[in-house]
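One letter stands for each residue in the lines below.
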Amino acid sequence: MAPRIETVQALTEFACRTQAERLADALRRLFQNPDAEAIHDVRVACRRLRVFLKLTESLFRKRLIRAVRRRLKKLLKRLGSIRDAEVLSERIHCARKAQPEVARLFDAQIQLQRLTAAVALENEGFGTMPRLIEVLANPPALDPRGVKRLSKIDVAEFARDVLSDELDRLAKFADVSAETKPARLHALRIEFKKLRYTAEFFAPTLAHAKALGEKARDYQDLLGNLRDALLAEEEFAPLLRRRAGQANGLNSAVAEVLEKTRIEQRSLRDEFGRRWRKSEIAKLQKRIE
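Reference entry: report on the structure contained in this document. (Residues numbered from 1 in each chain as written. Predicted model: local features only at pLDDT ≥ 70, side-chain atom pairs only at ≥ 80, totals over all residues. Heavy atoms only, no water.)

### A word on the overall build of the protein
Scanning the protein for helices and strands turns up 11 helices and zero strands. Order of helices (α) and strands (β) in the protein, N terminus to C terminus: α-α-α-α-α-α-α-α-α-α-α. Here the C-alpha coordinates of the protein stretch approximately 70 × 50 × 30 Å along the principal axes. Counting the 289 residues in the protein, one finds 46% classified as buried. Residue pairs in contact within the protein that sit at least 24 positions apart in sequence constitute 79% of those at least 6 positions apart. For the protein, the exposed area adds up to about 15300 Å²; of that, 51% sits on carbon and sulfur atoms. (Helix = DSSP H or I, 4+ residues; strand = E, 2+ residues; numbered from the N terminus. Buried < 20%, exposed > 50% of the residue type's maximum accessible area, 1.4 Å probe, protein only. Contact = heavy atoms within 4.5 Å. Areas by Shrake-Rupley, 256 points an atom, 1.4 Å probe, with all protein chains shown as cover.)

Written out as structure tokens, the structure reads:
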């Protein structure tokens, strides 16, 4: 059970310790066996931390917080391209016309990327990242002026203000529809991700924050699935054009994937269009009132 949180500083310290534990576990699994789940968990832990630290950056000594952010950014960059490769591989595996050797080729490429990234991260000392995060929860890491300023703020009121600001940013996407261009849908997905992690940060102190985070995650997942489908078309369509006229297992599998991907895109766009309305912002706002 989470402790009772009564100040912004205590909330931040609790979040740092909790996320340091999660990151330590994810990195341990990554170094032992760099599979999709371990990589996913490391990336999620890093993204949570980036949002959490942004919310309370004035608490910390600037030099230290900058160092932590640089490390988190580099860690995410190392693992960023692997997720895209996994999306493509999953779709090839699901294609009925994919020959076993084609699927094995994708698997081998991804496993090489995973191993290369894991070895590089371990050699560069990223296993110490959790300890660096834990340091942020200790008084020497804190800026006395920031502590004094935030100590005067009611933590529940602070949570409502921050979440309200996040929802104001979401309101700029109220006109988004099923036909909206991919770049704007991607930007909306990022906003839902920020809202989700912000709500998770405040969950120990604000009663309805957890429910708000779960709602944001639902939209994030929906738009994430659409993003994956769009990525598959973006990567596979040029490949098929370059290989036009060649009759082989790869071309057949790619053609099948493209057909399914386009159907999936339409379905996901329609689902999003049914769910996302201008009134949705007001519904989300009520969850924090």
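Alright, that's what it looks like, and here's the rest.
### Observations regarding the layout of surface pockets
Computed from the structure, the largest pocket encloses a volume of approximately 1300 Å³. As for the largest pocket, its lining consists of 45 residues, of which Arg47, Arg189, Lys193, Tyr197 and Gln220 are closest to the centre. Elements that contribute at least two residues to the lining of the largest pocket include exactly helix 1 (8–32), helix 2 (36–55), helix 3 (62–94), helix 7 (155–171), helix 8 (182–202) and helix 9 (209–242). In the lining of the largest pocket, the residues fall into 12 nonpolar, eight polar and 25 charged. Counted as a void, the second largest pocket has a volume near 350 Å³. (1 Å grid on protein atoms, 1.4 Å probe; cavity = no way out; pocket = protein on both sides within 12 Å on 5 of 7 lines; lining within 4 Å. Points joined across faces, edges and corners; volume = space filled by probe spheres on them. Nonpolar A, V, L, I, M, F, W, Y, C, P; charged D, E, K, R; others polar.)

### Here we look at the packing of helix 3 against helix 9
The contact between helix 3 and helix 9 brings their axes to 10 Å, and the two run at 80°. What the angle tells us is that helix 3 and helix 9 run roughly perpendicular. For the pair helix 3 and helix 9, the contacting residues are Arg83, Asp84, Val87, Leu88, Arg91 and Ile92 in the first and Asn225, Arg227, Asp228, Ala229, Leu231, Ala232, Glu235 and Phe236 in the second. Looking at the contact of helix 3 with helix 9 residue by residue, the classes come out as seven nonpolar, one polar and six charged. (Axes fitted to C-alpha atoms, helices over the stretch in contact; angles between N-to-C directions. Parallel < 35°, antiparallel > 145°, perpendicular 65-115°, else oblique.)

### Some points on the environment of Ala38
As for its position among the elements, Ala38 is in helix 2. Once residues lying within four places of it in the same chain are set aside, the contact partners of Ala38 are Ala26, Arg29, Leu30 and Asn33.

### Here we look at helix 1
With 25 residues, helix 1 should reach 36 Å at 1.5 Å per residue; the first-to-last C-alpha distance of 36 Å fits that figure. All of the buried residues along helix 1 are Val8, Leu11, Thr12, Glu13, Ala15, Cys16, Gln19, Ala20, Leu23, Ala26, Leu27 and Leu30. (Expected span 1.5 Å × (residues − 1).)

### Examining the environment of Arg83
In this fold, Arg83 is placed in helix 3. You can call Arg83 partly exposed: its relative accessible area is 24%. C-alpha of Arg83 to C-alpha of Val162: the two residues are 79 residues apart in sequence and 30 Å apart in space. In contact with Arg83, other than residues within four places in its own chain, are Arg43, Glu90 and Asp228. Separated by 2.8 Å, the side chains of Arg83 and Asp228 make a polar contact. (Polar contact = N/O pair within 3.5 Å; in protein donor to acceptor, adjacent residues only side chain to side chain.)

### So, the nonpolar core
Membership of the largest hydrophobic core comes to 74 residues, with the highest contact counts inside it found for Leu23, Val42, Phe202 and Phe272. The dominant element in this core, judged by the number of residues it contributes, is helix 2, at 11 residues. Ile92, Ala95, Phe236 and Ala253 belong to the second-largest nonpolar core, a separate cluster that totals 13 residues. (Core = buried A, V, L, I, M, F, W, Y, C linked by side-chain atoms within 4.5 Å.)

### Side note on the packing of helix 7 against helix 8
Two elements in contact, helix 7 and helix 8, have axes separated by 10 Å at closest approach and are oriented at 170°. Relative to helix 8, helix 7 is oriented roughly antiparallel. Of helix 8, the residues touching helix 7 (which contributes Phe158, Ala159, Val162, Leu163, Glu166, Leu167, Arg169 and Leu170) are Leu188, Glu191, Phe192, Lys194, Leu195, Thr198, Ala199 and Phe202. For the contact of helix 7 with helix 8, the class distribution of residues is 11 nonpolar, one polar and four charged.

### Let's talk about the state of the cysteines
Overall, the coordinates contain zero disulfides when judged by the stated rule. Just so you know, Cys46 is unpaired, no disulfide at all, and the nearest cysteine sulfur is the one on Cys16, 13 Å from it. Residue Cys46 is classed as buried on the basis of its relative accessible area, which comes to 0%. (Disulfide = S-S within 2.5 Å.)

### Some thoughts on the pattern of salt bridges
Taken as a whole and assessed by the stated rule, the structure comprises 26 salt bridges. Residue Arg83 pairs with Glu90 through a salt bridge whose shortest N-O separation is 3.9 Å. Judged by its relative accessible area of 45%, Glu90 is partly exposed. (Salt bridge = Lys/Arg side-chain N within 4 Å of Asp/Glu carboxyl O.)

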